[in-house]
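Residues per chain, in single letters:
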Amino acid sequence: MAEMLDRAQVLHVARLARLELTDDEVERMAGELSKVLDHIEKIRELDLGGVAPTSHVIDVAGVVRADDDPEPSLPAEVALAAAPEPVAVPGGMGFGVPSPGQAPGE
Amino acid sequence: MSAVEYEPVIGLEIHVQLSTRTKMFCGCEVAFGEAPNTHTCPTCLALPGALPVVNERAVQFGVMIGLAFEGEIAERSVFHRKNYFYPDSPKAYQISQYDIPLCRGGRLGEVRIHRVHLEEDAAKLNHLGESGRIHGADRSWVDFNRCGTPLVEIVTEPDLRSPEQAREWLGVLRETLRQTGVSDVNMEEGSLRCDANVSVRPRGSSTLGTKTELKNMNSFRFLERGIRAEIRRQVELLALGESVVQETLHYDPASDTLTSLRSKEEAHDYRYFPEPDLVPLLVTEEILTRARAALPAELPVERAQRFERELGLTASRARELAFRAELADYFERALSAAPSNGDLDAVELANWIPQLVERIGEADPAQSRVTPESLASLAAMVKSKAVSRDAARTVLSRLVEEGGAPQEIVDREGLGALSADEDGLGEVVDRAIAADPDAAEQVRAGNMRAIGPLVGYVMRETKGRADGGEVTRLIRERLGGA
Amino acid sequence: MSELLDLTAAAAAAAVRAGEIDSGELFETYRARAAASDINAFTWLADGPPAASNLRDTPLGGVPVAVKDLFCTEGVPSQAGSRILEGYRPPYTATVVAKLGAAGAPLLGKTNQDEFAMGSSNENSAFGPVLNPWDRARVPGGSSGGSAAAVAAGLAPWAIGTDTGGSIRQPAALCGVVGMKPTYGACSRYGMIAFASSLDQAGPLTRDVTDAALLLRHMVGRDRRDSTSLEFPEDIALPRAENLRGIRIGVPEELTGAEGGVETGVRERFEATLTLAQELGAAVEACRLPHAPHALSAYYLIAPAEASANLARYDGVRYGLRVAGDAGLLAMYERTRAAGFGPEVKRRIMLGTYALSSGYYEAYYGAAQKVRTKIAEDFRTVFESFDLIATPTSPWTAFELGAKTADPLAMYLNDFCTVPMPLAGIPAISIPCGLADGLPVGFQLAGPAFSETRLLDAAHALELAIGFDAGPARRSDAGGRDGR
């Protein structure tokens, strides 16, 4: 039986996922996720010792691009066509963003 | 000062930007200094629906690095997603390798390699604030040209024991990689980046202390200073009875201080999982063969060891030559240019390379007017005392200016060695003693330090042609000193 | 005009190639019907037929195709049913769509869907729900609800969708059309806005099995831009079989609702179809898929985990919605994503993030990947003794709008018959096998990897024998009356 996800856990996961949740949502999410996890918990009852995990369902390896020849890139206008904040910078255009604070991943 | 003596334990984490033509997971051209956002595509821009495809040449370059370390190349390795949000990471994950990397183990010189793996570079985040530094700017902007450039990450074991050693070893690494041709390995340009993991422990202890990670040291000098500053900081903490906290620190060279980048609670949870858009990577016989063929026959560390072992050079002279390919190549050509009198000494010859470097700077000796044969000839003449060391330096300067053959220059300028029995050397010695009676008196009394001015007089009078050792012997003979 | 609508896509293509009908007129007929429809199956419609036209000489004869919104179509909105991509027009086209275009199937329009393919009812779209043409008070299923409903309502001759846990097959079942998920890797995923990378596959939604085969034939093929795509070992043949002699069909107890959960009407239709299969010469027997009961749990760990990473790129930096751009980076991220994603997407992102997070990976994601191995093994074992397996596609017929939105878990349980196949990467097809209380019931067949030809043949034989009449939905007035 899964422990109920508490508010702190929900907020922690929401931060990892960069999702702002209202208080209502936090509470609802805690209940919904707990319920789903409760159901999912059943797989922990299985004896999976010695079973290799499947990360790729097809049995293929070594797929590569054999040549190192450049392919055409998008023109800058196209690359920036959907940019929420295109900014003029030395040499052309950039994607404007708020500056990060102290830590990366902030 | 604390009563306990601490020793530093240092490991390095190096990122090398590969000099492939295209990016790690797409066909965009890798380009530097171009107009921003002109080298992107759906994949490296992380547009919806885009997918990565592995650049085989990047794999080959990664294998070459692993082979240079004599590490164990994994026949099959896996890419993982390393998840974190930052404007320079468009997918909000980096495709990297986690628990099944391209290569494990190996060594370079005194340092063991822990692992080598492939990953992709982030975009370039620039700041619109005035200072141009990350703190204090309001808005930033991103250039995705760099995003997706192939990177190799090299992690060493914590085998380094001083900031100087770390700096020196990084130099060996750089030269080694430069000679493989896989990267420009230029710290100023960002194709070589180095972070350090630093801890301290009481000398003699075998357990490891808590380590911190140091970032933002973007030159060899700053690497050394940053590590030194951190060692000092940790030792001071421990001396106060406090403990070292595991954290990441940002080194500021201007103030020589370290700032913590992360609080304890905010440690990254990268949530690694195998990259479902890529299948496992295979290092085929073909890739291995191509990698081996592309490596130079002998890398710097091996070459230095050979110079020491087979030619009798000192370790430091051997490294000095071996870690600059052009010097070592030139040296070996000179070595094989056996002059007619057959009297060639590798150690003597090796001493003349730095003399040449002093005169031509960073230039390639092979491009200078001094042919390897000439240098070999000159070294042989010094060895046989046909010319004094001082005079030989003059000859070398002439060779650098005009080229030609050493014997011709010696003959033309009359730089042949003076011996005691010829050319009135004894007379010059007598004149020197007469000219400086105080010095002569000191030497007679046993103070050998005073001999300098006397020797100097003779050397000036003979325009350096006398053999310095011979002159000293004559003076002492005359003065009967100890 | 109604004759045009009566033609299957294959028949229409043949007629265009024979010069009997004009592809432009065909296009316009469907386009007009789609434009006048009120079931909200489309989020974007072409203005008119494509300018170029030697469509007559192409394999697909200019027969236009409706394309699920999450396929990137250059210059055309590709929004994946989400507010966070509202109005987004990509600079490139998905490989599968480009292939169909080159084969002569121009883009009719983009179809509505559950947001980022997460859902089983098409109620999770930022652009409103799609209504089931059989009964406008009911859902069409999801996530490819728009594609299924469009075909069912005669708004498009055929359509493509994507299937991750059943998102083609289940809406096909609820709308009384054919839907197929091919072998993983058979179709390129380049340009398909990703939900769960190791499960997503493109596939056809069509009026009949022959149309599905024809469309699929021009969708498959290795794409150098998709490292997980494979060369299909043979050309997909149009089905010919009219019986099932020599075919051994296994019926897994675990997926036929012995423990309940399958509506009575669905069960009755299912068993009647099994009987029909026997009459056609198939050997039908029970079989076991011991880990199938855990497939749903594995799926609801793996898919959200991959999705949590795939959807992290929607951060307001390079495209799509941006909120609070002046409030600092963290606020921009968090509020953009809060405003741009619907509740189901948020739930799954949270679930996936949790399953991957430090301390939980082994217990959740790691365990799910192992269950996946066991499920694939179970199928391999079954296919040693059977050619195909059969299950109901969906445990229930189309439910009423709003009936299951209060309980996410109840919605997830919808998928228990369809999730095992994507976990194993094997192909499966759903065909309508009758009505229960006037609503379509889907019958699912699955086979080993690359058994599409045999699947299509078997489905074709059954289809002939079943004789399902999809007319009521197709001929229903697009102007808004109940089709029931």
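Note that the coordinates shown come from a computational prediction; the quantities given were computed from them, not determined experimentally. (Residues numbered from 1 in each chain as written. Chains lettered and ligands numbered in written order. Predicted model: local features only at pLDDT ≥ 70, side-chain atom pairs only at ≥ 80, totals over all residues. Heavy atoms only, no water.)

Participant: Quick one: what's the story with the overall build of chain B, residue by residue and with numbers?
Facilitator: Along its length, chain B carries 15 helices and 18 strands. For a compact globule of 482 residues, the expected C-alpha radius of gyration is about 23 Å, and chain B comes in at 29 Å, more than 25% above that figure. Judged by the C-alpha coordinates and their principal axes, chain B covers about 90 × 55 × 45 Å. For chain B, the proportion of its 482 residues judged to be buried stands at 56%. Within chain B, residue pairs in contact and separated by at least 24 positions form 69% of the contacts whose partners lie at least 6 positions apart. Charge-centre separation for chain B: the mean point of 58 positive side chains lies 1 Å from the mean point of 76 negative side chains. (Helix = DSSP H or I, 4+ residues; strand = E, 2+ residues; numbered from the N terminus. Rg over C-alpha atoms; globule rule 2.2 N^0.38 Å. Buried < 20%, exposed > 50% of the residue type's maximum accessible area, 1.4 Å probe, protein only. Contact = heavy atoms within 4.5 Å. Lys, Arg positive; Asp, Glu negative; His and termini not counted. Charge placed at Lys NZ, Arg CZ, Asp CG, Glu CD.)

Participant: An account of unusual backbone geometry is needed here, citing residue identities and associated values.
Facilitator: Cis geometry marks the peptide bond from G142(C) to S143(C); its omega dihedral reads 10°. Looking at where S143(C) falls in the secondary structure, it is placed in the loop between β3 (107-111) and α5 (145-152). Phi is positive for R18(A), close to 55°, though the residue is something other than glycine. With respect to the helices and strands, R18(A) occurs in the loop between α1 (7-16) and α2 (23-40).

Participant: Go over the interface of chain A and chain C, please, and point to the residues and values.
Facilitator: Between chain A and chain C, the contact holds 50 residues from the first and 60 residues from the second. Connecting chain A to chain C are 8 salt bridges. Close ionic contact of E334(C) with R15(A) constitutes a salt bridge, the shortest N to O distance being 2.8 Å. Along the contact surface separating chain A from chain C lie 17 residue pairs in polar contact (both at pLDDT 80 or more). Counting only elements with at least two residues in the side of chain A that touches chain C, the list comes to α1, α2 and β3 (92-98) of chain A. Ranked by residues supplied to the side of chain A that touches chain C, first place goes to α2(A) with 9 residues. Across the side of chain A that touches chain C, the residue classes tally to 32 nonpolar, 6 polar and 12 charged. (Salt bridge = Lys/Arg side-chain N within 4 Å of Asp/Glu carboxyl O. Polar contact = N/O pair within 3.5 Å; in protein donor to acceptor, adjacent residues only side chain to side chain. Nonpolar A, V, L, I, M, F, W, Y, C, P; charged D, E, K, R; others polar.)

Participant: Can you lay out the nonpolar core for me, pointing to particular residues and giving the numbers?
Facilitator: Of all hydrophobic cores here, the largest spans 300 residues; its most connected members are L12(B), I154(B) and F116(C). If we skip the residues at most four places from it in the chain, F116(C) touches A80(C), S82(C), I84(C), L85(C), I193(C), F195(C), L311(C), Y314(C), F341(C) and V345(C). The next biggest cluster of nonpolar side chains, apart from the first, holds 20 residues, and it includes V455(B), V458(B), V471(B) and L474(B). (Core = buried A, V, L, I, M, F, W, Y, C linked by side-chain atoms within 4.5 Å.)

Participant: Any details on the sheet that holds strand β10 (residues 124-127) of chain B? Residues and values, ideally.
Facilitator: Here 4 strands make up an open sheet; going across it, the order is β2(A)-β3(A)-β11(B)-β10(B) and the pairing antiparallel. If you trace the sheet from one side to the other, it starts and ends with β2 (86-89) of chain A together with β10 of chain B, each paired once. For this sheet, the mean inter-axis angle between neighbouring strands, taken without regard to orientation, is 45°. Across 4 bridges, the pairing between β3(A) and strand β11 (residues 139-143) of chain B is antiparallel. In the sheet register, V97(A) faces β11(B), and the bridge partner there is S140(B). (Pairing = 2+ DSSP bridges. Axes fitted to C-alpha atoms, helices over the stretch in contact; angles between N-to-C directions.)

Participant: So what's going on with the packing of aromatic side chains? Which residues, and what values?
Facilitator: Residues and elements named next belong to chain C. For the coordinates displayed, the defined rule picks out 23 aromatic pairs over all chains. Note on Y88 and Y319: the rings are 5.5 Å apart at their centroids and 45° apart in plane angle, and the pair reads as tilted. Here Y88, found in the loop between β2 (65-68) and α4 (95-102), pairs with Y319, found in the loop between α9 (295-310) and α10 (329-340); they are 231 residues apart in sequence, far enough to count as distant. For Y319, a relative accessible area of 4% corresponds to the buried category. With a centroid separation of 6.2 Å and an interplanar angle of 75°, the aromatic rings of Y314 and Y319 are classed as edge-to-face. Positioned over the ring face of W396 is K404, at 3.7 Å from the centre of the ring. Lying across the ring of F399, K404 places its NZ or CZ 5.2 Å from the centre. (Phe/Tyr/Trp six-rings, centres within 6.5 Å; stacked < 30°, edge-to-face > 60°. Lys NZ or Arg CZ within 6 Å of the ring centre and 35° of its normal.)

Participant: Go over the environment of R335(C) with me, naming the residues and quoting the values.
Facilitator: Assignment of secondary structure puts R335(C) in helix α10. C-alpha separation for the pair R335(C) and G316(C), spaced 19 residues apart in sequence, amounts to 9.5 Å. Excluding residues that lie within four positions of it along the chain, R335(C) makes contacts with E20(A), V323(C), A324(C) and A327(C).

Participant: Which residues make up the pairing of strand β6 (residues 201-206) of chain C, and what values do they have?
Facilitator: Residues and elements named next belong to chain C. The buried fraction of β6 amounts to 6 of the 6 residues, a majority that puts the element mostly inside the structure. Two strands pair when backbone bridges link them, and strand β4 (residues 158-163) and β6 are joined in this way by 6 bridges, in the antiparallel orientation. Across the sheet, G161 pairs through a bridge with G203, a residue of β6. As paired strands, strand β5 (residues 178-181) and β6 are joined by 2 bridges and run antiparallel to one another. In the strand pairing of β6, G179 is matched with L205.

Participant: So, the side chain of K68(C): which residues are in play, and what are the values?
Facilitator: Residue and element names in this part refer to chain C. For K68, the position within the fold is in strand β2. Buried and without a salt bridge, K68 has D114 as its closest oppositely charged side chain, separated by 7.5 Å. Among the polar contacts made by the side chain of K68, one reaches the side chain of S144 at a distance of 2.9 Å. In contact with K68, other than residues within four places in its own chain, are K110, T111, Q113, A117, S143, S144, S147, I160, G161, T162 and S167.

Participant: For the interface of chain B and chain A, give the residues involved together with the corresponding values.
Facilitator: In this assembly, 53 residues from chain B lie in contact with 41 residues from chain A. Surface buried jointly by chain B and chain A totals about 3900 Å² across both partners, of which 58% is contributed by carbon and sulfur atoms. A per-residue breakdown of the area chain B buries against chain A is headed by F85(B), R139(B) and V279(B), which together make up 14% of the total. Run the count over chain B and chain A and you get 3 salt bridges. D68(A) serves as the salt-bridge partner of R57(B), at 2.7 Å between the closest nitrogen and oxygen. Across the contact surface, chain B and chain A share 20 residue pairs in polar contact (both at pLDDT 80 or more). Only β2 (54-55), α1 (56-68), β10, β11, β16 (257-260) and β18 (281-282) of chain B provide two or more residues apiece to the side of chain B that touches chain A. The greatest single-element share of the side of chain B that touches chain A, amounting to 4 residues, is contributed by β11(B). Split by residue class, the side of chain B that touches chain A holds 27 nonpolar, 14 polar and 12 charged. (Buried area = accessible area lost by both parts, 1.4 Å probe.)

Participant: Tell me what's going on with helix α9 (residues 372-383) of chain B, and back it up with residues and numbers.
Facilitator: An α-helical turn contains 3.6 residues, so any two residues separated by three or four positions project in the same direction. All names here are of chain B. Here α9 contains 12 residues, and its C-alpha end-to-end distance of 16 Å stays within 8% of the 16 Å for a straight helix at 1.5 Å per residue. In terms of residue burial, α9 counts as a mostly covered element, since 9 of its 12 residues are buried. Turning to α9, its buried residues number three or more, namely P372, S374, L375, A376, L378, A379, A380, M381 and V382. If you follow the buried residues of α9, they end up packed against α7 (325-336), α8 (346-360), α10 (389-402) and α11 (406-413). At the exit of α9 stands K385, carrying a positive phi of roughly 60°. (Expected span 1.5 Å × (residues − 1).)

Participant: I'd like a rundown of the domain arrangement of chain B, residues and numbers included.
Facilitator: Residue and element names in this part refer to chain B. Per the domain assignment, the segments making up chain B are domain 1 (6-294), domain 2 (300-413) and domain 3 (425-479). The partner domain 2 presents 8 residues to the 9 residues of domain 1 that form the contact. Buried surface at the junction of domain 1 and domain 2, both sides included, amounts to about 640 Å², of which 57% is carbon and sulfur. When the buried surface of domain 1 facing domain 2 is broken down by residue, V172, E175 and Q179 rank first, second and third, together holding 54% of it. A salt bridge links E168 to R319; the nearest nitrogen and oxygen atoms lie 3.5 Å apart. The tally of links between domain 1 and domain 2 comes to 1 residue pair in polar contact (both at pLDDT 80 or more). Partitioning the side of domain 1 that touches domain 2 into residue classes produces 2 nonpolar, 3 polar and 4 charged. (Domains from an automatic or database assignment.)

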